[in-house]
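# An overview of the molecular structure
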Amino acid sequence: EDQVTQSPEALRLQEGESSSLNCSYTVSGLRGLFWYRQDPGKGPEFLFTLYSAGEEKEKERLKATLTKKESFLHITAPKPEDSATYLCAVDQGGGSYIPTFGRGTSLIVHP
Amino acid sequence: DTAVSQTPKYLVTQMGNDKSIKCEQNLGHDTMYWYKQDSKKFLKIMFSYNNKELIINETVPNRFSPKSPDKAHLNLHINSLELGDSAVYFCASSPRRGAYQETQYFGPGTRLLVL
């Protein structure tokens, strides 16, 4: 059973059509939740880290929020250049940094 | 200049061979990592290496071994390659262990295909 589940698997939006991506997790003792963006053929690009429930972070059209069970990545008025796969990962803490990734949400924004 | 670079970009080899992937970072970071991303885009951390301290993900077979000649380099050696090793391998770095969450930079990936 996956500890980190992302939904939907794929999302198609029209330019300007706001939406949210979901990342739910079942790990206990969350030390951090991370969002990354990955473009085809490239390595992941770090976006945000969230540490505690209620925390929010923003970057341009993206806003990440965190509750005790899930995180949302809100995309406001997306543009075609926001098309990418968005990955969520959680760190359960302990002595080592061993992040667990979800399978990602593939976002396509049509002009 | 590329912050984290990997060579080769593509690697096609036969089952049973031994191969290496090289990674270099010019950011002056203290910690480097290796990740594996399978065909379903599932990304898993394999190793982290900080100031000669190696942290191994226990699920990684011992056929995989990281080698760090200096702080700027972390190479990945794979012995007796198997079909299931086919994947994209990413190197990453961060300034120091405590800051990894904020500033982890990934390389472009090495696409390994084992025939």
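In what follows, the structure referred to is the one given above.
These figures come from a predicted structure and were not determined experimentally.

### Brief notes about the interface of chain B and chain A
Tallying the contact residues gives 20 residues for chain B and 22 residues for chain A. Carbon and sulfur atoms supply 57% of the area buried between chain B and chain A, which totals about 1,800 Å² over both sides. There are zero salt bridges connecting chain B and chain A. Put simply, chain B and chain A have three residue pairs in polar contact (both at pLDDT 80 or more) between them. Mapped onto the side of chain B that touches chain A, the elements with two or more residues apiece are β4 (31–37) and β5 (43–50) of chain B.

### Here's the deal with the sheet that holds strand β1 (residues 4–7) of chain A
All names here are of chain A. Spatially, five strands are ordered β1-β3-β8-β7-β6 in an open sheet, and the strand pairing comes out antiparallel. Looking at strand neighbours, the two that pair on one side only are β1 and β6 (56–59), the edges of this open sheet. Direction aside, the axes of adjacent strands within the sheet are offset by 15° on average. Across six bridges, the pairing between strand β3 (residues 19–25) and strand β8 (residues 70–75) is antiparallel. Among the inter-strand pairings, Asn22 is bridged to a residue of β8, identified as Phe72.

Basis of the calculations
- Here the residue numbering is sequential within each chain, running from 1 through the sequence in written order.
- Think of it this way: whatever chain is written first is A, whatever ligand is written first is 1, and the rest follow in order.
- Per-residue local features are limited, in this predicted model, to residues with pLDDT of at least 70; the limit for side-chain atom pairs, both in listing and counting, is 80 or more; totals at the level of whole chains, interfaces and linings are taken over all residues.
- The basis for the side-chain values is all heavy atoms of the structure; hydrogens and waters are excluded.
- By definition in these notes, contact holds between two residues if any of their heavy atoms fall within 4.5 Å.
- Computed with a 1.4 Å rolling probe, the buried area is the accessible surface lost when two parts are put together, summed over both parts.
- Each salt bridge in this description consists of a side-chain nitrogen of Lys or Arg and a carboxyl oxygen of Asp or Glu lying within 4 Å of one another.
- Polar contact is the term for a pair of N or O atoms within 3.5 Å; when the atoms are in protein, one must be able to donate a hydrogen and the other to accept it, and sequence-neighboring residues count only if both atoms are side-chain atoms.
- Note on conventions: DSSP H or I runs of at least 4 residues are helices, E runs of at least 2 residues are strands, and numbering of each starts at the N terminus.
- By the convention used here, strands pair only if DSSP detects at least 2 bridges between them.
- Lines fitted to C-alpha atoms define the axes here, with helix axes fitted over just the stretch in contact, and angles between the N-to-C directions of these axes take values from 0 to 180 degrees.

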